[in-house]
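Structure at a glance
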Amino acid sequence: MFYHVLMIYTGFFVIYYQFIKPNIKDLKWYLIITTVFCIISYIINYYLDTNYMFLSNYSNNPVLKELYEITGKFYPLALTIIQNVGTFMISLAGYKIAMYFKNKVILEKCIDN
């Protein structure tokens, strides 16, 4: 749970204070960093018989079970790709929506004055 809270807090913190302005070109570096986390999690799962990030098995999750049945032995790779690309795209979309509304408010204030 700590991992998830840290990821969400860090994402909001970075976007709120605009330390970065994410765009599609950032996907490469995002994938490198998050893939390293997945590899570390996979190694931990293997040696400690855990299931961090659901990389080892689908844990009775029907959606992940479908993915497992489709991908077979490539399940960890498929889930890594889906988790990493999916979270980036959701974050990028959230940033774009937030900036749209922020710019709309600024534009409305300028028109009112």
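Residues numbered from 1 in each chain as written. Predicted model: local features only at pLDDT ≥ 70, side-chain atom pairs only at ≥ 80, totals over all residues. Heavy atoms only, no water.

Considerations on the nonpolar core
Going by this rule: Nonpolar core, defined: a set of buried Ala, Val, Leu, Ile, Met, Phe, Trp, Tyr and Cys residues in which side-chain atoms within 4.5 Å join the residues together. Burial classes follow relative accessibility: with a 1.4 Å probe on protein chains only, a residue under 20% of its type's maximum area counts as buried, one over 50% as exposed, and anything between as partly exposed. Counting from the N terminus, the helices are DSSP H or I runs at least four residues long and the strands are E runs at least two residues long. Two residues qualify as a contact provided that any one of their heavy atoms is within 4.5 Å of a heavy atom in the partner residue.
Counting residues in each nonpolar core, the largest one holds 8 residues, listed as C38, M53, L55, L64, L67, Y75, A78 and L79. Counting residues per element, this core draws most heavily on helix α4 (residues 75-112), at 3 residues. In this structure, L64 is in contact with F54, Y58, Y75 and L79, ignoring residues within four places of it in sequence.

Overview of the layout of surface pockets
Formally: Whether a set of points on the 1 Å grid over the protein atoms alone is a cavity depends on a 1.4 Å probe fitting there but being unable to get out, while an open set qualifies as a pocket with protein on both sides within 12 Å along at least five of seven lines; lining residues are those with an atom within 4 Å of a point. Grid points are joined across faces, edges and corners, and a volume is the space filled by probe spheres set on the points. Residues are grouped as follows: nonpolar covers Ala, Val, Leu, Ile, Met, Phe, Trp, Tyr, Cys and Pro; charged covers Asp, Glu, Lys and Arg; every other residue, Gly included, is treated as polar.
Volume-wise, the largest pocket comes out at about 1300 Å³. Lining the largest pocket are 35 residues, and of these M7, Y30, T34, T87 and S91 lie nearest its centre. When contributions to the lining of the largest pocket are tallied by element, the ones reaching two or more residues are α1 (2-16), α2 (27-48) and α4. Along the lines of polarity and charge, the residues of the lining of the largest pocket split into 23 nonpolar, 11 polar and 1 charged.

As for the environment of N57
Threshold: Whenever two N or O atoms come within 3.5 Å, that pair is a polar contact, provided that in protein one can donate a hydrogen and the other can accept it, and provided that, for residues adjacent in sequence, both atoms are side-chain atoms.
Tracing the sequence through the fold places N57 in the loop between α2 and α3 (62-71). For N57, a relative accessible area of 34% puts it in the partly exposed group. N57 sits 36 residues away from K21 along the chain, and the two C-alpha atoms are 35 Å apart. Contact partners of N57, with chain neighbours within four places excluded, come to N51 and Y75. There is a polar contact of 3.1 Å between the side chain of N57 and the side chain of N51. Within polar-contact distance, the side chain of N57 engages the side chain of S59 at 3.0 Å.

Here's the deal with the side chain of T34
Note that T34 resides in helix α2. Separated by 3.3 Å, the side chains of T34 and N84 make a polar contact.

Brief notes about α2
For an α-helix, the turn length of 3.6 residues means that residues three or four places apart are oriented alike. What counts is decided by this rule: The span you would expect from a helix comes to 1.5 Å times its residue count less one. Read the arc as the range of directions from the helix axis to the C-beta atoms.
In a regular helix each residue adds 1.5 Å, so 22 residues correspond to 32 Å; α2 covers 31 Å between its end C-alpha atoms and thus fits that length. Among the residues of α2, L27, T34, C38, S41 and N45 are the ones counted as buried. The arc that holds the buried residues of α2, viewed along the axis, is 65°, so those residues lie on one side. Among the exposed residues of α2, those pointing more than 90 degrees away from its buried face are K28, W29, I33, Y46 and Y47. In the segment just after α2, D49 is the residue with positive phi, at about 55°.

Considering the side chain of N84
Looking at where N84 falls in the secondary structure, it is placed in helix α4. On the basis of relative accessibility, which here comes to 4%, the residue N84 falls in the buried class.

Some details on the confidence of the model for the chain
For clarity, the cut-off: pLDDT measures how confident the predictor is about each residue, on a scale from 0 to 100.
Mean pLDDT over the chain stands at 84; residues scoring 70 or higher make up 96%. By mean pLDDT, the top-scoring element of the chain is α3 (92), and the lowest-scoring one is α1 (75).

Digging into α1
Relative to the 21 Å expected for 15 residues at 1.5 Å per residue, α1 spans 21 Å between its end C-alpha atoms, a close match to the ideal helical length. Where α1 ends, the next residue or the one after it, Q18, has phi of about 50°, a positive value.

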